[in-house]
Amino acid sequence: MGCPQHFYEPIHAKLFELCGDAILEGRAATPITLKPKLPADLDIAGLTPVEYMARLMTEATTVINAPDYAMTIREAWAARRVVEAAREAAGAVAQPDANVKSSIAALLSDLDGIRAELDDGHRGRQSLADCLSGVLLRVDAIREGRIEPGATTGLADLDRMIGGLQPGRLVIVAGRPGMGKTIVGANIARATAAAGNGCLLFSLEMPAEEIGARILSDHAFRHGTPVTSKAVFEGHLDAREMREMEDTASAAAGLPLLIETPAMVSVGEILARTRAAADEMKARGVRLKVVVIDYLKFVRASDRYRGQRVYEVGEITAGLKALAKDLGVCVVLLAQLNRAVEQRADKRPELSDLRESGDIEADADVVLLLFREAYYLKDKTDPESMARLLACEFALEIIVAKCRMGAVGVVETFCHPGASAVRDRGMR
């Protein structure tokens with residue numbers, strides 16, 4: 001949140017303050033509404049207040065770049081403050097009875113405060129008025145279309161329940177082996193990119209060709225004539241299927257989706273690679289919105305808690321949550337559930353089944369648990385189980401077990417595991 005003192009010109013500081021007051025009171029902030037708040041005889045570079053504000057509005061470019069302009073103003077304020085703090089420290093140590101140690105401590109304290117002010121992600125203190133003003137500013141921006149909605153999961157029913165993939169969120173997608181974690185993660189990555197939003201996919205378990213085959217099969221999916229990702233990866237395609245895959249690859253080639261395939265990676269490396277991907281996409285005119293990580297087991301913790309997996313997992317999820325907030329992206333982390341699920345008659349997972357650490361649940365904004373009943377019926381031969389298998393063969397339940405800003409419940413979807421495709425139920 002910006003502050004009036006960030007402005008160099010006093011009139012700009014006053015206008016900023018008046019605009020904030022007007023928005024907080026639910027009124028429009030325009031030259032007409034602000035005019036009564038300023039002295040009528042105020043001269044600003046030879047202009048009246050209304051004339052000056054009109055010129056500001058004429059010379060302003062687009063509000064889409066407002067965050068960049070705000071950062072420029074704040075950085076200029078920080079530079080002035082650094083110079084002022086250095087001068088004050090220099091003046092203090094020049095005194096005959098100067099306490100050099102105390103002066104240096106004061107300078108470092110000032111510099112730490114300036115640095116904290118520049119870091120939006122770590123501003124821990126603000127007034128309630130600033131907080132409420134920020135909420136109303138956000139509401140206005142959403143209503144006017146100046147804030148883009150969260151990225152899509154590719155599933156309309158799920159988007160409605162959790163509000164899409166919002167920036168700053170950590171979303172956990174968890175399930176036992178065979179439930180479709182990678183299918184859902186790859187589907188989210190493809191759907192995000194297909195909607196025009198930038199996505200970075202960390203495929204830590206599969207090589208690029210294998211995850212690429214899954215995405216290609218998913219992108220080409222047509223109900224009734226699916227081409228399996230296994231057939232694509234192994235090259236078992238007839239002439240028609242080969243043409244279809246070539247056409248699909250050509251159509252998908254321009255999607256803003258980047259794939260990283262390191263074997264093991266730390267949170268710090270994820271951060272560095274994500275920043276590089278964001279810069280690359282920005283150069284292409286696309287904003288990076290979603291980072292998908294497949295999966296938690298292959299994210300390396302620091303040496304701080306070596307051998308203590310519970311604490312290592314907590315460090316990883318906390319780091320990824322911080323990354324999401326700092327970079328303004330949604331991080332989707334795939335994770336495995338523990339074996340306790342297999343011991344129950346009803347094998348639908350619960351939050352308590354999250355493996356290795358309660359910090360996963362605590363740090364996550366959204367937790368999605370996956371359940372495919374067909375997986376547990378495929379090897380059974382009794383008539384009842386076989387009949388049930390026919391009814392649920394392509395059913396995938398996405399259980400929204402936690403959602404900070406939305407509802408919890410179950411989203412029933414269509415899933416074709418062979419084709420690596422997940423779709424809204426009824427939209428196959």
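Residues numbered from 1 in each chain as written. Predicted model: local features only at pLDDT ≥ 70, side-chain atom pairs only at ≥ 80, totals over all residues. Heavy atoms only, no water.

Next up on the list: the environment of Glu-342. As for its placement among the helices and strands, Glu-342 is situated in the loop between strand S7 (330-336) and helix H14 (359-363). Take Glu-342: its relative accessible area is 27%, and that puts it in the partly exposed class. Taking the C-alpha atoms as reference points, Glu-342 and Arg-176, 166 residues apart in sequence, are found 8.9 Å from one another. In this structure, Glu-342 is in contact with Arg-176, Lys-347 and Tyr-376, ignoring residues within four places of it in sequence. Side-chain polar atoms of Glu-342 contact the side chain of Tyr-376, separated by 3.4 Å. (Helix = DSSP H or I, 4+ residues; strand = E, 2+ residues; numbered from the N terminus. Buried < 20%, exposed > 50% of the residue type's maximum accessible area, 1.4 Å probe, protein only. Contact = heavy atoms within 4.5 Å. Polar contact = N/O pair within 3.5 Å; in protein donor to acceptor, adjacent residues only side chain to side chain.)

With that out of the way, let us pick up the packing of helix H8 (residues 181-194) against helix H9 (residues 208-219). One way to put it is that H8 packs onto H9 with a least axis distance of 10 Å and a crossing angle of 65°. Between H8 and H9, the interaxial angle falls into the category roughly perpendicular. Crossing angle aside, the handedness with which H8 passes H9 is right-handed. Counting all contacts with H8, which are made through Thr-182, Ile-183, Ala-186, Asn-187 and Arg-190, the residues of H9 involved are Ile-211, Arg-214, Ile-215, Asp-218 and His-219. Of the residues in the contact of H8 with H9, the class split is four nonpolar, three polar and three charged. (Axes fitted to C-alpha atoms, helices over the stretch in contact; angles between N-to-C directions. Parallel < 35°, antiparallel > 145°, perpendicular 65-115°, else oblique. Left-handed = near helix turned anticlockwise from the far one by under 90°. Nonpolar A, V, L, I, M, F, W, Y, C, P; charged D, E, K, R; others polar.)

The subject of this paragraph is the pairing of strand S11 (residues 421-424). In this sheet, S11 lies alongside strand S10 (residues 409-416) in antiparallel orientation, the contact comprising four bridges. Following the sheet pairing, Cys-415 is matched in S11 by Val-422. Hairpin connection of S10 to S11: four residues between the antiparallel strands, including Ser-420 at a positive phi of 55°. (Pairing = 2+ DSSP bridges.)

Right, let's get into the side chain of Ser-229. Locating Ser-229 in the fold gives a position in helix H10 (residues 229-234). Note on Ser-229: relative accessible area 11%, which makes it buried. Not counting chain neighbours up to four residues away, the residues in contact with Ser-229 comprise Ala-213, Arg-214, Ser-217, Gly-418, Ala-419 and Ser-420.

Under the criterion given, the structure shown has five aromatic pairs. For the pair Tyr-295 and Phe-298, a centre-to-centre distance of 5.4 Å together with 85° between the ring planes defines the contact as edge-to-face. The burial state of Tyr-295 is the same as that of Phe-298; both residues are buried. Their ring planes at 90° and their centres at 5.4 Å tell us that Tyr-375 and Tyr-376 sit as a pair that is edge-to-face. Taking relative accessible area as the criterion, Tyr-375 reaches 30% and is therefore assigned partly exposed. Put simply, the rings of Phe-221, Phe-394 and Phe-414 touch in pairs and so form one group of aromatic residues. Over the ring of Tyr-376 we find Lys-347; its NZ or CZ atom is 5.6 Å from the centre of that ring. We note Lys-378 situated over the ring of Tyr-375; from NZ or CZ to the ring centre the distance is 3.7 Å. (Phe/Tyr/Trp six-rings, centres within 6.5 Å; stacked < 30°, edge-to-face > 60°. Lys NZ or Arg CZ within 6 Å of the ring centre and 35° of its normal.)

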